[in-house]
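One-letter residues, chain by chain:
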Amino acid sequence: MKILVTNCKVFNSDKTSLYIEDDKFVNPFEIDDTVVVKDMKGNMVFPGFVDLHCHLREPGFEYKETIKTGTMSAAKGGYTSVCSMPNTFPVCDNASVVHGIMKKAKEAGFCRVYPVGACSKGEAGKELSEMGLMKEAGIVAVTDDGKCIATAELLRKVMEYSSDFGLLVMDHCEDASLSDGSMNESDTSTSIGLRGIPSVAEDIIIARDIIMSEYLGIPIHICHVSTKNGVRMIREAKKRGVKVTTETCPHYFTLNDENCVNYDSNFKMYPPLRENEDVNAIIEGLADGTIDCIATDHAPHHEDEKTIEFALANNGIVGLETAFPLGYTYLVKTNRITLNQLIDAMVYNPSSILKLGRGSLEVGADADFTVMDLDNEFVFDKSKMLCKSKNTPYDGYKLFGKTILTVMGGRITYEELC
Amino acid sequence: MGLKNKDLLGMKQLSAEEIMEILETAKTMKMVLTSGNKKTSHLQGKSVVTLFYENSTRTRLSFELASKYMGSASANISASGSSVSKGESLLDTVRTIDMMATDIVVMRHPQSGAPHFIAPYLNASVVNAGDGMNEHPTQALLDLFTMYERFDSFEGKNIAICGDLYHSRVVRSNTIGLTKLGAKVSVYGPRTMVPVGIEKMGARVASSVADAVKDADAVMGLRVQLERQHKSLFPSVAEYSSFYSITSDILALAKPEAFLMHPGPCNHGVELPTAVYNCDQSVINEQVTNGVAVRMAVLYMLMARRNSL
Ligand SMILES: [Zn+2]
């Protein structure tokens, strides 16, 4: 298939058109009557986004999301590559589950899916998983996400063993013994009578992981950082030369714990929404480069798991279709970070941290890109999302950065119908 | 003037004016209650359902009698165990009750925010009879009413509240209500039972039981919710009663005319020695009577709001 994308601005380039033949960007390009012409009306082309943290729920939780619906949602959000977390059923802790996920993703054809393997068998926090065999099958990192790596002893073994295979360890940092709660611990949780999870539950594990990484000389990736002290410790560690990288999520720079006062479980996540000063620290961390990536932590849950009492509701929100518009509207348009920094956090940094080789718009590269309307405000409507579950708190938000077109490997995976 | 909202979810949602109007109405209700003929027709032809997901004898009976004295049809549902284990969600249960033309649903639930969650889905008015660690507004209103019978004004009055602050919906509702009316609240309990940021709700965190009680106009002991002690927050009952109990020596530090309250049921010898529970300054038994009067007032005023729409 040949595609001619015309009348566009190309991010960080003075090109105004792109030529795609089969799965690559090409030039020169012979225009014939098989060419599909896409007039982008002046909108901007970005390299396809890379999400290093999402939950596609398949196998096992297809009632929440499938690989097909999740990747359709990713394409609508401008993503061409996503990393799927292993807390499925069965847990993605062996090569056959990895093969299954990759096969389904390929059949669906909406997005590149890079599975992340569990670092302990069954995510049970006890024995090492078969990381080597999973690496051969296609995993790009290991994690027990959804849970913290249970003990310092296991963390050490996981980091050492995974380093033999060049696999990065991604840790969900929450001390389980301090995490018996359903929102951030603060005067807000006290006032509305919900058990709180203190920010130190996250900080203690971030400190542990940094210390271990420094001691072993092996890299560590901190998942979804949400606290001001977490950002500070990562900043200091990076300055010392510790090989620590991190991500945050759009909800940690757009919302805070006061959003929980009406007991709406769409504001319930893990780590929980923190306080205003944490939100500011997250934005500062993105601005000064302490925080490398913006990930979605896309976490679909069925309506029945959310339309219940707050403390009983599942943790998490969906995020693939709101990440770019939230980043663009809340960070770039407010001049907290530049558009270049946003694209670093959503494309180049995640790609380089996991060595995915994504993000090029040059001739010869895989044709992975998305086109965004940065000029016109739109009202986000959750009923129009393509993911199966609609657990988002952003319904009705006025945002900038609507997706016009997404192409992955030369194939149109999403197109806005005007 | 009446009540602004369809539901009574908490003291947070009430203005100072609404609180005072409830207390004034409760005065009338107490007169009815203590007269020879308790029967009124305020709720004639109306229905009140109590739905309790937690055990409670006094609160439930108090609501039940309050609605019966005013002539309503009433039904009482004990949902033992969680709704989840029955396979029916909370929302399904309350919607079913709502569809039976219920006017008021009085609900107690172990989860904070459960009444706030269901209220928007129901035509019936929802009265929160205690939700998790959040609020227990009718308890606070009966406590305020008990004080109001003895104070001409709440302005500048010192109220001491001691015990398990962390799990207590009573301390939350009372602090909110008392602060709205201009009283000063001092709280104290073991540090493991003092929730983060409680001072932002308007309470002063005292440095000892004595410090909290000193010069108080009213002293309130809180139930140590032994059943909620799923994590050890103090080492033993013996230790608790040695350092955190409101003894007669402690009570003597309050103003001479001060009185002692407790939401009940009391763990004798833990929060208070039995002798203190029964002392002349104790108004604990009267609180129980006032509970019925206040609940009559609340049910009456919510129904009046419904009738006026
Ligand atoms: Zn996680």
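Residue indices follow the written sequence of each chain, beginning from 1 at its first position. The naming scheme follows written order: chains are lettered A onward, ligands numbered 1 onward. Reporting of local features is limited, given that this is a predicted model, to residues whose pLDDT is at least 70; pairs of side-chain atoms are given and counted only at 80 or more, and all residues count toward the totals for whole chains, interfaces and linings. Heavy atoms from the whole structure form the basis of all side-chain values; hydrogens and water molecules are not counted.

### Here we look at the layout of surface pockets
Piece 1. Roughly 990 Å³ of volume is contained in the largest pocket.
Piece 2. Using only the protein atoms, space was sampled on a 1 Å grid; points where a 1.4 Å probe fits but cannot get out form cavities, open sets with protein on both sides within 12 Å along at least five of seven lines form pockets, and lining residues are those with an atom within 4 Å of a point. Along its surface, the largest pocket is lined by 43 residues, and Ser265, Lys306, Thr307 and Ile308 of chain A together with Phe117 of chain B are the ones closest to its centre.
Piece 3. By the convention adopted, Pro, Cys, Tyr, Trp, Phe, Met, Ile, Leu, Val and Ala count as nonpolar, Lys, Arg, Asp and Glu as charged, and the other residues, Gly among them, as polar. Looking at the lining of the largest pocket residue by residue, the class counts come to 13 nonpolar, 16 polar and 14 charged. Grid points are joined across faces, edges and corners, and a volume is the space filled by probe spheres set on the points.

### Focus: the sheet that holds strand β18 (residues 369–379) of chain A
Residue and element names in this part refer to chain A.
Piece 1. A strand pair is defined by DSSP finding two or more bridges across the two strands. Starting at the N terminus, helices and strands are each numbered in turn, a helix being any DSSP run of H or I of at least four residues and a strand any DSSP run of E of at least two. Strand order in the open sheet formed by five strands is β2-β6-β18-β19-β20, with mixed pairing between adjacent strands. Either end of the sheet is taken by a strand with one partner, and the two such strands are β2 (9–10) and β20 (411–415).
Piece 2. For strand β6 (residues 44–47) and β18, the ladder comprises four bridges, and the chain directions are antiparallel. In the strand pairing of β18, Met44 is matched with Met372.

### Some details on the domain arrangement of chain B
Residues and elements named next belong to chain B.
Piece 1. A domain assignment, automatic or from a database, supplies the domain bounds used here. With domains assigned, chain B is organised as domain 1 (11–134 + 288–308) and domain 2 (137–284).
Piece 2. With centres defined by C-alpha atoms, the gap from domain 1 to domain 2 works out at 25 Å.
Piece 3. Any pair of residues with heavy atoms lying within 4.5 Å of one another is described as a contacting pair. Taken together, the contacts link 31 residues of domain 1 with 27 residues of domain 2.
Piece 4. A combined buried area of about 2,500 Å² lies between domain 1 and domain 2, and 64% of that area is made up of carbon and sulfur atoms.
Piece 5. The term salt bridge refers to a side-chain nitrogen of Lys or Arg lying within 4 Å of a carboxyl oxygen of Asp or Glu. At the junction of domain 1 and domain 2, the tally comes to two salt bridges.
Piece 6. For Lys30, the salt bridge goes to Glu149, with nearest N and O atoms at 2.9 Å.
Piece 7. In protein, a polar contact means a hydrogen-donor-capable atom and an acceptor-capable atom, both N or O and within 3.5 Å, with residues adjacent in sequence counting only if both atoms are side-chain atoms; elsewhere, any N or O pair within 3.5 Å suffices. Inspection of the region where domain 1 meets domain 2 yields 11 residue pairs in polar contact (both at pLDDT 80 or more). Once two parts are joined, some of their accessible surface, as seen by a 1.4 Å probe, is lost; buried area is that loss totalled over both.

### A word on the interface of chain A and chain B
Piece 1. In this complex, chain A contributes 18 residues to the contact, which on the side of chain B involves 27 residues.
Piece 2. Carbon and sulfur atoms make up 57% of the area that chain A and chain B hide from each other, which totals about 1,800 Å².
Piece 3. At the surface where chain A touches chain B, the tally comes to one salt bridge.
Piece 4. As a salt-bridge pair, Lys200 of chain B and Asp187 of chain A come within 3.7 Å of each other at their nearest N and O atoms.
Piece 5. On inspection of chain A and its partner chain B, the count reaches six residue pairs in polar contact (both at pLDDT 80 or more).
Piece 6. Tallying contributions element by element places helix α5 (residues 187–192) of chain A first for the side of chain A that touches chain B, with four residues.
Piece 7. Residue composition of the side of chain A that touches chain B, grouped by class: six nonpolar, seven polar and five charged.

### What to know about the coordination of the zinc ion
Residue and element names in this part refer to chain A.
Piece 1. Atoms of type N, O and S within 2.8 Å of a metal are treated as its donors, and for Na, K and Ca the window is 3.2 Å; water is not considered, so some sites may appear to be missing partners. Binding of the zinc ion to the protein goes through Asp145 (OD), His172 (ND1) and His224 (NE2), at separations of 2.0 to 2.2 Å.
Piece 2. All donors to the zinc ion come from one chain, and their sequence spacing reads D-x26-H-x51-H. Remark: His224 occurs in the loop between β15 (220–222) and α7 (228–240) and His172 occurs in the loop between β12 (168–171) and β13 (183–184); sequence separation between them is 52 residues. There is no split in this pair, since His172 and His224 are both buried. The buried label goes to any residue with under 20% of its type's maximum accessible area, the exposed label to any with over 50%, and the partly exposed label to all in between, with areas taken from a 1.4 Å probe on protein chains only.

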